Amino acid sequence: MKDKPKIVFVINYFYPDYASTGQLLTELCLYLQHDFDITVIAECPPGYGGADAGKGRVLRDRLENIEVVRIRLPEVDKQNKLSRIKYISTYFWFATYQLLKEKNTDFIYTISTPPVLGGLIGTIGKLLKRSKHIYNIQDFNPEQAEAVGYTDRKWIFNIARMIDNINCSLSDHVITVGKDMQETLDRRFGGRKQIANTVINNWTNEQEIVPLAKDHPRVAEFVRTHGWENKFVVMYSGNLGLYYDLENLITIVPKLKDCKDLVFAFIGEGAMKSKMQEYAAKHGLIESGQVCFLPFQPKEDLKYSLNAADVHLVVNQKGIKGVSVPSKIYGVMAAGKPIMGVLEEGSEAHRLIVESYCGNVAEPQQYDDVASRIRELYELDAIELQRVGQNGRDYLEKYLRRDVSLEKYRQLLLSMVTPSSSPSMLPESR
């Protein structure tokens, strides 16, 4: 007889991957490991395991009490659609195969990555293994792909939406990460079917990410290393991907050239990085020091890099409202830094900024307005700027603590083990 119910997480990214979902779900699995027998199926990061890791398709290891099945995937060029398709399809088939090999599985937990197929893995596993399926939607697709015009073939979007609706319908519980996303789930079914679902927001570790002054030794070192002494730094830290309109937002930099000490720092990697670098180089923005690009920073150094900024950009492309919530907002709020949100009114991140009074907001694609709103923050005195940032930290400590979100997950899953404990008792459940 098993001591604990078994959950298989099929989650694409996992420790030590830098992707935000990888970090979040690593923390979730570690939190749940004492109540559940956990196996994780995820991508194997390039070079992971070193020379002793072997050359097979699958690498197995452990993280504390968690068994980890890592799948080696082909290298992906995120700007090449065929390369992305090859990468995603390889992950889908091998992750599904590894899931079906698992024995005595009580729960299958999948996320919406890769788009639609992440949920489909759970649907296949549920039907063939008769396990319960928890579907965590971090991003709604095909809505996200539609927003950026990924293809003009509408029939592809229609088929994808039909498949993902099946994933939602057959799941035992859907988890979304924002109230606006819960509304999107409701709209998909138009009242025809009630999907058991709960809103549980993402988080950061607010005990690790804390406000630090710029004269803190490690923050000062980071600032000095990159030549930002006596500069006003507007920072974007995260994925430089398709869904943020960063390749167009960078064009506001020349509008602020009269702000002589203003620097835009873009930290991260992604499909749009090379395009942004080309624009910056063409217009002399790197040479002039107005723009700089840095790679992802190690997790242990994140609190120093975040605190090196005066203002942080939290952005989404137009059409992303109700589709995705930028997780970076929680880290910025934890660091107590003001936010310049380029977000649609009514979206989850927009709501957080407005309710907490922790920054300015502008609508996506309204580039002149974005520049004006940044200028407003730039012109605040140091004390007022600090107060605005502290508002975000105070709000996060009151409403968005990491332990609260993790415990909501734990209680939801335990309630599904013991049906008498209804998940409807959880906040934002339906």
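The rules behind the values
Residues numbered from 1 in each chain as written. Predicted model: local features only at pLDDT ≥ 70, side-chain atom pairs only at ≥ 80, totals over all residues. Heavy atoms only, no water. UniProt positions renumbered as here; feature names shortened; annotations may be inferred. Helix = DSSP H or I, 4+ residues; strand = E, 2+ residues; numbered from the N terminus. Phe/Tyr/Trp six-rings, centres within 6.5 Å; stacked < 30°, edge-to-face > 60°. Buried < 20%, exposed > 50% of the residue type's maximum accessible area, 1.4 Å probe, protein only. Pairing = 2+ DSSP bridges. Axes fitted to C-alpha atoms, helices over the stretch in contact; angles between N-to-C directions. Contact = heavy atoms within 4.5 Å. Parallel < 35°, antiparallel > 145°, perpendicular 65-115°, else oblique. Nonpolar A, V, L, I, M, F, W, Y, C, P; charged D, E, K, R; others polar. Left-handed = near helix turned anticlockwise from the far one by under 90°. Salt bridge = Lys/Arg side-chain N within 4 Å of Asp/Glu carboxyl O.

Attention shifts here to the UniProt feature "domain: Glycosyl transferase family" (unreviewed entry) in the protein. The feature "domain: Glycosyl transferase family" (unreviewed entry), as annotated in UniProt, sits at residues 226-393 in this numbering. The span residues 226-393 is 36% helical and 17% strand by assignment, and the distance between its end C-alpha atoms comes to 26 Å.

A few words on the packing of aromatic side chains. A ring pair, where both rings are aromatic, is described by two values, the distance of the centres and the angle of the planes. Applying the stated rule across the entire model yields nine aromatic pairs. Aromatic side chains tyrosine 109 and tyrosine 409 sit 6.5 Å apart centroid to centroid with 50 degrees between the ring planes, which places their arrangement in the tilted category. Within this pair, whereas tyrosine 109 is found in strand E5 (residues 107-111), its partner tyrosine 409 is found in helix H15 (residues 402-417), the two being separated by 300 residues in sequence. For tyrosine 109, a relative accessible area of 0% puts it in the buried group. Considering the side-chain rings of phenylalanine 232 and tyrosine 378, the 5.2 Å spacing of their centres and the 80 degrees angle between planes classify their relative orientation as edge-to-face. With phenylalanine 232 in strand E9 (residues 232-237) and tyrosine 378 in helix H13 (residues 367-378), this pair connects stretches of sequence that are 146 residues apart. Accessibility expressed as a relative area gives 8% for phenylalanine 232, which makes it buried. Here the aromatic residues Phe9, Tyr109, Trp203 and Tyr409 are joined through ring pairs into a cluster of three or more.

Looking now at the environment of glutamate 183. You can see glutamate 183 is positioned in helix H6 (residues 179-189). The spacing of glutamate 183 and isoleucine 329 is 146 residues in sequence and 21 Å in space, taken between C-alpha atoms.

One open sheet accounts for six strands, arranged E11-E10-E9-E12-E13-E14; its pairing is parallel. The open sheet has two edge strands with one neighbour each: strand E11 (291-294) and strand E14 (359-362). Between one strand and the next, the sheet's axes are offset by a mean angle of 20 degrees, whatever the strand orientation. Bridge count between strand E12 (residues 311-315) and strand E13 (residues 339-342): four bridges; the pairing is parallel. Residue pairing across strands places histidine 312 opposite isoleucine 339, the latter belonging to E13. The sheet contacts of helix H12 (residues 348-356) involve E13 and E14, and relative to E14 the element is tilted by about 140 degrees.

Right, let's talk about the packing of H12 against helix H14 (residues 382-399) for a bit. Interaxial distance between H12 and H14 falls to 9 Å at its minimum, and their mutual angle equals 110 degrees. For the element pair H12 / H14, the angle class is roughly perpendicular. Contacts between H12 and H14 involve Arg351, Leu352, Glu355 and Ser356 from the former and Asn391, Gly392 and Tyr395 from the latter. Its residues assigned to classes, the contact of H12 with H14 shows two nonpolar, three polar and two charged.

Further remarks concern the environment of leucine 170. Along the polypeptide, leucine 170 turns up in helix H5 (residues 154-170). Considering only alpha carbons, one finds leucine 170 and lysine 126, 44 residues apart in sequence, at a separation of 8.4 Å.

The subject of this paragraph is the packing of helix H2 (residues 81-101) against helix H3 (residues 117-129). The interhelical angle for the contact between H2 and H3, taken along N-to-C directions, is 25 degrees, at an axis separation of 10 Å. Taken together, the axes of H2 and H3 lie roughly parallel to each other. Between H2 and H3 the crossing geometry is right-handed. Residue-level inspection shows Ile88, Tyr91, Phe92, Ala95, Thr96, Leu99 and Leu100 of H2 in contact with H3, the latter providing Leu117, Leu120, Ile121, Ile124, Gly125, Leu128 and Lys129. Broken down by class, the residue content of the contact of H2 with H3 amounts to 11 nonpolar, two polar and one charged.

Before going further, it helps to spend a moment on the pattern of salt bridges. Counted according to the given criterion, the structure contains 25 salt bridges. The partner of arginine 161 in a salt bridge is glutamate 143, and the shortest N-O contact between them spans 3.6 Å. Taken together, the residues arginine 161 in helix H5 and glutamate 143 in helix H4 (residues 143-147) connect sequence positions 18 residues apart. Judged by relative accessible area, glutamate 143 falls into the buried class, the value being 13%. Measuring nitrogen to oxygen at the nearest pair gives 2.9 Å for the salt bridge that ties aspartate 258 to arginine 375. One end of the pair, aspartate 258, is in the loop between helix H8 (246-249) and strand E10 (262-267); the other, arginine 375, is in helix H13, and 117 residues separate them in sequence.

Time to look at the pairing of strand E4 (residues 66-71). In terms of burial, E4 is largely enclosed, as five of its six residues are buried. Across five bridges, strand E2 (residues 37-43) lies against E4 in parallel orientation. Looking at E4, one finds that glutamate 43 is bridged to isoleucine 71. Strand direction decides the pairing type here: strand E3 (residues 58-63) and E4, joined by six bridges, are antiparallel. Bridge pairing links aspartate 61 to valine 68 in E4.

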